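Understanding the architecture of this molecule
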Protein chains: 2
Amino acid sequence: MRQVFHQSLEDVQSRLVEIADLIAVAIDKATRAFATSDVALAEEVIADDAHIDERALELDEIAIEILARQQPVARDLRIVVTALRVSASLERMGDMAEHIAQLARYRFPERAIPKGLKSTFVSMGERDVEIARTLSELLRTQDLRLADQIRNADDAVDELHARVFEKVLSENWRGEATATVDATLASRYHERFADHAVSVAKKVVYLATGDWAADTDAIDIAITKDQA
Amino acid sequence: MRQVFHQSLEDVQSRLVEIADLIAVAIDKATRAFATSDVALAEEVIADDAHIDERALELDEIAIEILARQQPVARDLRIVVTALRVSASLERMGDMAEHIAQLARYRFPERAIPKGLKSTFVSMGERDVEIARTLSELLRTQDLRLADQIRNADDAVDELHARVFEKVLSENWRGEATATVDATLASRYHERFADHAVSVAKKVVYLATGDWAADTDAIDIAITKDQA
């Protein structure tokens, strides 16, 4: 019975890693589609999101099955509950990738990235991809130093996010309303993507260190405080 | 023991209702602060959000305590897991109210609502308040007809959200970039608020009808598809 249980927990973990891998692929494709106005690539991301949702749903069902059949306690219980929450955050990260791809598709054949913001958005996209890959690695290895890397990359994304608004709200901004709307939404999606990753990383850290109660989403709120 | 367990589940339910009530107050204040540029009211909402987060965290701890001590199965297990998810959605609704209040504060003493969009945003705000109150009632009474009301009100919010973008992207839009950014973010916050409520309502319905597995967030994604 113990043996079966540990297999189940390992199954949960490997499924989380698998979903994180799918998300790393999705954000890589989405940000490239957005940067290069590649509508075919954007369509791929949009189609693939349903698959990510299914995988997350399957994971949730397995976690609930474990709760029902194995009735884990203490640390094992925390692992399963955390898996449910991580799964929800990963699913939202997939949504953000999809939203970025949708922006690329909506504007096609026009450029999705407003003039003057290309390098900023390319940097943001690269950071998001790096974050997604690091998150997958963190889930796989439980190497907590990776959580710091994610936090640092998120700080960089926050700075780029602020830079988008600086540009858009500066005297020199010549973009039309469409460009302003696109920049606003795209920047928010990139930034939320990174926020969700930080939230997952915190859950992994708290699970490892036992300081679970400190993992309030208040931390996420602090991070997003200056987003508007 | 059974007696104690049912008291715990009731405690979970009454706490969910309590948080939903706090959120109804928050969104009422936030949308009024936004409409009237009332910075004091905005500050209240921002300060109160930490309290909502605390209440949600307490509820999560109680739910996990129930899982650990009472090891519920079947429907009781679903109730507890659903409570954890509902708590996360309510917490995000509180964040959206806070974000709306922040927009009011940032622009003060300027008007937060861009010119030409006042009536649209007032309507959106009223719908969000209605949705929050109905959600609280749904959690209290489990009267599933209220879920339909929430869904209908969310459709109305989606239409208003689309109308904001129509205006902002029309030839006649004379707003500066600040106004365009504010309209984009504010509209998205109002719309996400309603989405989270629909997501909670679905969880309550599926819990009541037993069709739990169908409660995939894919439904939320479909709803938000056209948001950008």
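Residues numbered from 1 in each chain as written. Chains lettered and ligands numbered in written order. Predicted model: local features only at pLDDT ≥ 70, side-chain atom pairs only at ≥ 80, totals over all residues. Heavy atoms only, no water.

1. Examining the overall build of chain A
Looking only at helices and strands, one finds seven helices and zero strands in chain A. Its helices and strands taken in sequence order, chain A reads α-α-α-α-α-α-α from the N to the C terminus. Along the first, second and third principal axes, the C-alpha atoms of chain A reach 65 × 35 × 25 Å. Burial analysis of chain A (228 residues in total) assigns 60% to the buried set. Taking all contacts inside chain A whose residues are at least 6 apart in sequence as the whole, residues at least 24 apart take part in 80%. Looking at charge distribution, chain A has the averaged site of its 28 positive side-chain charges lying 2 Å from that of its 42 negative ones. (Helix = DSSP H or I, 4+ residues; strand = E, 2+ residues; numbered from the N terminus. Buried < 20%, exposed > 50% of the residue type's maximum accessible area, 1.4 Å probe, protein only. Contact = heavy atoms within 4.5 Å. Lys, Arg positive; Asp, Glu negative; His and termini not counted. Charge placed at Lys NZ, Arg CZ, Asp CG, Glu CD.)

2. Concerning the UniProt feature "domain: PhoU" (unreviewed entry) in chain A
All names here are of chain A. Taking the UniProt record as the reference, the feature "domain: PhoU" (unreviewed entry) is found at residues 17-103 and 123-204. Overall, residues 17-103 shows 94% helix and 0% strand. The separation of its end C-alpha atoms is 27 Å. For residues 123-204, the helix share is 87%, the strand share is 0%, and the end-to-end C-alpha distance is 26 Å. (UniProt positions renumbered as here; feature names shortened; annotations may be inferred.)

3. Structural notes on the confidence of the model for chain A
All names here are of chain A. Of the residues in chain A, 91% reach a pLDDT of 70 or more, and the chain-wide mean stands at 90. Predicted confidence in chain A is weakest over helix α7 (residues 218-224), with a mean pLDDT of 35, and strongest over helix α4 (residues 118-141), with 98. Low pLDDT, under 50, characterises residues 212-228; the stretch is placed with 55 contacts to residues that sit more than four places away or in other chains. (pLDDT = per-residue confidence, 0-100.)

4. Digging into the nonpolar core
In this structure, A:L90, A:F121, A:L135, B:L90, B:F121, B:L135 and B:L139 are the most contacted members of the largest nonpolar core, which totals 156 residues. The residues contacting B:L90, other than those within four sequence positions of it, are B:L16, B:I19, B:A20, B:I23 and B:L135. (Core = buried A, V, L, I, M, F, W, Y, C linked by side-chain atoms within 4.5 Å.)

5. Structural notes on the environment of A:Q3
Topologically, A:Q3 is positioned in helix α1 (residues 2-36). Counting along the chain gives 167 residues from A:Q3 to A:S170, while the straight-line C-alpha distance between them is 61 Å.

6. Some thoughts on empty space enclosed by the protein
For the structure shown, the criterion picks out two cavities of 30 Å³ or more. Size it by volume and the second largest cavity reaches roughly 40 Å³. Around the second largest cavity, the lining residues are A:L67, A:Q71, A:P72, A:L77, B:L67, B:Q71, B:P72 and B:L77. In terms of residue class, the lining of the second largest cavity is made up of six nonpolar, two polar and no charged. (1 Å grid on protein atoms, 1.4 Å probe; cavity = no way out; pocket = protein on both sides within 12 Å on 5 of 7 lines; lining within 4 Å. Points joined across faces, edges and corners; volume = space filled by probe spheres on them. Nonpolar A, V, L, I, M, F, W, Y, C, P; charged D, E, K, R; others polar.)

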